[in-house]
Structures are given as structure tokens and as C-alpha cells.
Amino acid sequence: MTKAKPFAIPKQAVWDAYKKVRANKGAAGIDEVSIEAFDRDLKRNLYKLWNRLSSGSYFPPAVKAVPIPKKGGGERILGVPTVADRIAQTVVKDYLEPVLEPVFFEDSYGYRPGKSAHDALAVTRKRCWRYDWVLEFDIKGLFDNIDHDLLMKAVRKHTNCRWVLLYIERWLSAPFATGEGIMEAREKGTPQGGVISPLLANLFLHYVFDAWMRRNCPRTPWVRYADDGLVHCRTQTEAEKLHQLLAERFQVCKLQLHPQKTCIVYCKDADRREDYPETSFDFLGYTFRPRRAKNWRGDYFVSFLPAISPRAEKALRQRIHDWRMHLKPDKTIEDLSRMFNSIIQGWI
């Protein structure tokens, strides 16, 4: 008689998770096993992973630390799990996400099914016409500084599933493996690059910011995309007071507002003629600022509108430069369209 596994994790859940990881592609982790290499012994690899997950004996390997350049300069450390670990994380994410989605609020847009950056930009555009002031905030190093105890408290509030709790705790404590082969222990944060990390970060910020705003400022609209957020205010005084309150709130939750990326902006247009030092802000690759627009009669006026930000535009130009089009004289226009159309359409 076969002994039952401690955790009832369906094999189908592992298979479905594998198909998602396969579709997303991605680099190899610390074991240097690519998706193609994993596929060579797919049946055995998936069975072994399911067996370990179901028995409670699965321990995540170290996360490969990969430095990537930031658009504004400097580097960000991206954590790359192994292919098998990405599948395991997807199994947990697929279980937990349907539980958390009904809890999250409408104005949280980042890394959520059925929501996009364009949705966040559209609602921001409309609100900038109705509210004179915007408090733009950015959380300094969110993924590196999430407190594990506070996060697990939030997870336990929504599930008592033993294997979900067990593996999330193990992922949070899995070390970073640097390029020099050094293992760095982690006592806080969740790796940016992990499959489960965006969901956990959204849950953490749901209680740190979203629910706090609904309790304390129920009539003040806001929008959040991961660690980037905006709050629309009626007056400068309201924005300044909220700035102070948010700084205190984040500090209590062991996070910090980014001092350079957090500011109060006046949404200047044809009807708002006062002069203030800040009349523009960047959000999700767009710069919102006073721009010339045309009304239905064909008359020009000043409106507060978004357009591609200079930093995003520079990144696009660099990407096109890196294509080295002048070194492809052997390619037909049809060849070039197959190579680059999907990227260009995404930009449009």
C-alpha cells in the first residue's frame, strides 16, 4: 500500500506551472540548467519536483544574483531562481493568487491579472484633470527590504495551507549566490525576479499602503503600480500633510520613501495659472506635464497630459541603435519586419 504524501499537491498543478514557466522562457539559475536542458528529461524532473513538494522535502536552491543596469544609473540586483524552483514558485502562486485577488483593491495595478500599466496611466490622466495636486512617491528598495515577519503575518491572515506557508518561508530565507560564488544570507526582502515575489510584494503593500489609505484617507484617490504610487490631493497643504504621514507609516513598516523620487507636483493647465517649482512627474515611463492640446472647436489650450518620458525615449533610441540595422544589408524588409515588428508594436 502506497503511503500518502503529507501534502496533497496535484500533479496537474505542477504540469500547469511548468507550461507557464516554459512560455515565459528565462535564464538558467545557479545550477546552469536551462529550460531546454530541463526538457531533456522532463518527465523525471517534474516527477521529482512534485514528489519533493508533496513530501515536504523540497528546499529551494540559492538564488543567482545578476546585476542589471537601472535606466537612471546604478545597478539593481535581479534574483534568478533555477527552472525547477520557478516551477515550484508558480505552483504556490497559482494556489495563492485566486485567494488574494478578491482582497486587493481596484487601484492596485502592478503584476495583477487583467490589469496593466496602461490602465493605471488612463485613470491617472483623468484624475489629474480633477485634482490640482499630486503626491508622487517611490519606495526605496522595496523588494530588498520587506520585513519577513510582517509579510508572513499577512500571508497567514489569508491562508492556513501548510505547504504554502512552509515554502514561502523557505523562499524568503534562500540565500543569494553572487558571481564570485559567495553565498549571502537574507534576513529581509524577497528576490526581484522570483515568480512569487510580485504577489508577496503586492500583499505586503496592500496592508502597508492600500488598506491604510482606505482607512485614513477614504476620500483621497490613489493609484499604485508595485512600488510606484501617486496620491491625488485637492490642496498643497493636504499633499504636504499626507507626505509626512506616509513617511511615518512606511517607517513603522520598516520601509522608506525614496527622498529623490518622492515629490509634490502642481498639475498646471489653462485654468491653473499659479507658478510652483514642480509641475511635472514621471510615472511608468510617461512624463505628465503641461502640454498644448486642441479642443473640439480646434482651439489650442494648455492641458496636463502624459507623453513618453525623456528617459524612456532614450532607452528606445539605444535599443534601436543596438539593432545595428546598417550591418544587415542582406535582410529584406520582410525579414526586418519579422525581427522587430513585435517590439515596435509593443512600444506603440
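Just above, that's the structure.
For the structure given in this document, a descriptive report is provided here. Sequence order sets the numbering: in each chain, residues are counted from 1 along the sequence as written. Where local features are concerned, this predicted model is filtered to residues with pLDDT of at least 70; where side-chain atom pairs are given and counted, the filter is 80 or more; whole-chain, interface and lining totals use all residues. Hydrogens and waters are ignored; side-chain quantities use all the structure's heavy atoms.

## A closer look at the overall build of the protein
- When you go through the protein residue by residue, the secondary structure sums to twelve helices and eleven strands.
- Along the first, second and third principal axes, the C-alpha atoms of the protein reach 80 × 60 × 40 Å.
- The rule is simple: take the accessible area with a 1.4 Å probe, protein chains only, and divide by the maximum for that residue type; under 20% is buried, over 50% is exposed, in between is partly exposed. By residue count, 44% of the 348 residues in the protein fall in the buried class.
- Two residues form a contact once any of their heavy atoms are found within 4.5 Å. In the protein, the proportion of contacts linking residues at least 24 apart, taken out of those at least 6 apart, comes to 67%. To qualify as a helix, a DSSP run of H or I must reach at least 4 residues; to qualify as a strand, a run of E must reach at least 2; elements of each kind are numbered from the N terminus.

## As for the packing of aromatic side chains
- Aromatic pairing here means that ring centres of Phe, Tyr or Trp (its six-membered ring) are within 6.5 Å. Orientation follows from the plane angle: under 30 degrees is stacked, over 60 is edge-to-face, and everything else is tilted. Tallied over the full model, the rule gives 18 aromatic pairs.
- Ring centres of tryptophan 133 and tyrosine 276 lie 4.7 Å apart, and the angle between their planes is 75°; this geometry places the pair in the edge-to-face category. Taken together, the residues tryptophan 133 in strand β3 (residues 133-138) and tyrosine 276 in the loop between β8 (263-266) and β9 (281-283) connect sequence positions 143 residues apart.
- Considering the side-chain rings of phenylalanine 209 and tryptophan 222, the 5.3 Å spacing of their centres and the 80° angle between planes classify their relative orientation as edge-to-face. Of this pair, phenylalanine 209 sits in helix α9 (residues 197-216) while tryptophan 222 sits in strand β6 (residues 222-225), and the two are 13 residues apart along the sequence.
- Assessed through its relative accessible area of 7%, tryptophan 222 is described here as buried.
- Ring pairing ties together the aromatic residues Phe137, Phe209, Trp222 and Phe250, which thus form one cluster.
- Charge over a ring is defined by NZ of Lys or CZ of Arg lying within 6 Å of the ring centre and within 35 degrees of the ring normal. The aromatic ring of tyrosine 109 is capped on one face by lysine 115, whose charged end is 4.4 Å from the ring centroid.
- Directly above the ring of tyrosine 300 sits arginine 292, whose terminal nitrogen or CZ lies 4.1 Å from the centroid.

## Considerations on unusual backbone geometry
- Backbone geometry places glutamate 32, a non-glycine residue, at a positive phi of 60°.
- Mapped onto the elements, glutamate 32 comes out in the loop between α1 (11-24) and α2 (35-40).
- One non-glycine residue, alanine 226, lies in the positive phi region at around 55°.
- Here alanine 226 shows up in the loop between β6 and β7 (228-233).
- For alanine 226, a relative accessible area of 7% translates into the label buried.

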